[in-house]
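# Working through the structure, step by step
Here are the chains, one letter per residue:
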Amino acid sequence: MSREAMIHKLPAAYERLHAYGPEFGGDEEGNHGATNHGPMAVETMVRRGLDINVEHWLDRYVLRLAELPEASEIIRPDQWRRALGQARRLPDWTAYFRYELSEHPWPDVLARWWPRLLPGIVAGSTHGVIRVGHSVCALRSAGDAPAPQMLDELAHGLAFWAARYRELAGVAAPAGTLAPEQALQAVTRLSDQSGFIAHRLDRLERSEGWVPSLRALAPAASAEDVPARLEALVDGATGAYLRFGHGSPVLLVHAATAPNAVLRVLPVLPTEQWLPSFTAAWAAVTAVIATYAPARPAPYGEIVRRYPEPTPADALQRAAEHGDEHVLKFADTAAEAYDRTGDPGLLAASLHAGRLIDPP
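Residues numbered from 1 in each chain as written. Predicted model: local features only at pLDDT ≥ 70, side-chain atom pairs only at ≥ 80, totals over all residues. Heavy atoms only, no water.

Here we come to the pattern of salt bridges. Overall, the coordinates contain 18 salt bridges when judged by the stated rule. Two residues, glutamate 181 and arginine 243, come together in a salt bridge whose shortest N-O distance is 3.6 Å. Highlighted residues: glutamate 181 in helix 9 (residues 180-186) and arginine 243 in helix 12 (residues 226-244), separated in sequence by 62 residues. Across the pair arginine 203 and aspartate 192 runs a salt bridge whose closest N-O atoms are separated by 3.7 Å. Of the two residues, arginine 203 is situated in helix 10 (residues 197-206) and aspartate 192 in the loop between helix 9 and helix 10; the sequence distance between them amounts to 11 residues. You can call aspartate 192 partly exposed: its relative accessible area is 35%. When salt bridges that share partners are traced, they join Glu43, Arg47, Arg48, Arg264, Asp332 and Glu336 into one network. (Salt bridge = Lys/Arg side-chain N within 4 Å of Asp/Glu carboxyl O. Helix = DSSP H or I, 4+ residues; strand = E, 2+ residues; numbered from the N terminus. Buried < 20%, exposed > 50% of the residue type's maximum accessible area, 1.4 Å probe, protein only.)

Secondary-structure assignment places alanine 172 in the loop between helix 8 (148-163) and helix 9. Of the residues examined, alanine 172 reaches a relative accessible area of 7% and is grouped as buried. Put simply, alanine 172 and alanine 280 are 108 residues apart on the chain and 9.1 Å apart in space, counted from C-alpha to C-alpha. Beyond its immediate stretch of four places on either side in the chain, alanine 172 contacts Val211, Leu214, Arg215 and Thr279. (Contact = heavy atoms within 4.5 Å.)

Turning our attention to the confidence of the model for the protein chain. Per-residue pLDDT for the protein chain has a mean of 93; in total, 95% of the residues score no lower than 70. Scored below 50 in pLDDT, residues 27-32 makes 25 contacts in the model with residues more than four places away or belonging to other chains. (pLDDT = per-residue confidence, 0-100.)

Let us look at the packing of helix 7 (residues 127-142) against helix 13 (residues 254-265). Two numbers describe how helix 7 lies on helix 13: the axes approach to 8 Å, and their chain directions differ by 45 degrees. With respect to helix 13, the element helix 7 is oriented oblique. The hand of the helix 7/helix 13 crossing is left-handed. Within the contact between the two elements, helix 7 uses His127, Val129, Ile130, Val132, Gly133, His134, Val136, Cys137 and Arg140 and helix 13 uses His254, Thr257, Ala258, Ala261, Val262, Arg264 and Val265. When its residues are assigned to classes, the contact of helix 7 with helix 13 shows 9 nonpolar, 5 polar and 2 charged. (Axes fitted to C-alpha atoms, helices over the stretch in contact; angles between N-to-C directions. Parallel < 35°, antiparallel > 145°, perpendicular 65-115°, else oblique. Left-handed = near helix turned anticlockwise from the far one by under 90°. Nonpolar A, V, L, I, M, F, W, Y, C, P; charged D, E, K, R; others polar.)

In this section: helix 14 (residues 274-292). With 19 residues, helix 14 extends 27 Å between its outermost C-alpha atoms, agreeing within 8% with the 27 Å of an ideal straight helix rising 1.5 Å per residue. Counted residue by residue, helix 14 has 17 buried out of 19 residues, so it is predominantly covered. (Expected span 1.5 Å × (residues − 1).)

Put into structure tokens, the structure is as follows:
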């Protein structure tokens, strides 16, 4: 991210987007709603320096959005647990985190709230943690003097996560022997993958395959191993999209972007929070795969051959031309995974998402 873009373009986009709520068109946990991806998408565009007019993109995007409701009741420091998971309290949570970030350094606020929110990582189809991850990218780039709008974006991200908080029952830490790629393929799918995500998660928690799927992954031996293990998980989930993306092209993107958000936040967290973060990230990935991925995979090699010799620049530019927020975020994750591994299949997964997901 260039200093000019960091100082002007991204804060201006955030300020414009903060007039709107984090959801539109209904209630994502039950009534055909969708999540406002604007802040996450523009952070990707600006950081990557993509050839896309951010202002024009926003002109079209904000037409979808609903206004941010007014706050109604103060959340007091000793009463925050009562407000967790209460969607109607979203404006109150936003006001709460704005105050916290005005009084304390943002890494301190994040370190305090991360373990409180982590058990609810599936909140809003994992968009809470993903929005926070993109916000942290911007704040880390800004250094010691982030623009107020960047702090405000973190407040909005944390508020959405808290208001949509939803714990997964039965979460167990990895305790198996499988590498991420193998463990992802071994996840037990729900036999009934109908309904909204809230309904699917209810069935998942009651299913016999939920806990064994979680335990099958090889654990991180220590906190110091977590960054590399998370990277491998993101890489595996990105490649898995080639096999399973056709089942639910939009939702299955989050199997990669959610753990990548955790990976991005990891450097600013206390080390003692790293192992729980790895467990939560794997639980989120497992939940998405189990509830949306088809039982029968697509032919990996055949799909890869459709996209010969892609480059990160090509994948990112194709995503910019496509214009969909999920394709943009997935291309960003795929480019990072490629930089680590040199595996062209990961870039092919990004291009494949652009083929499966309809342009806006």
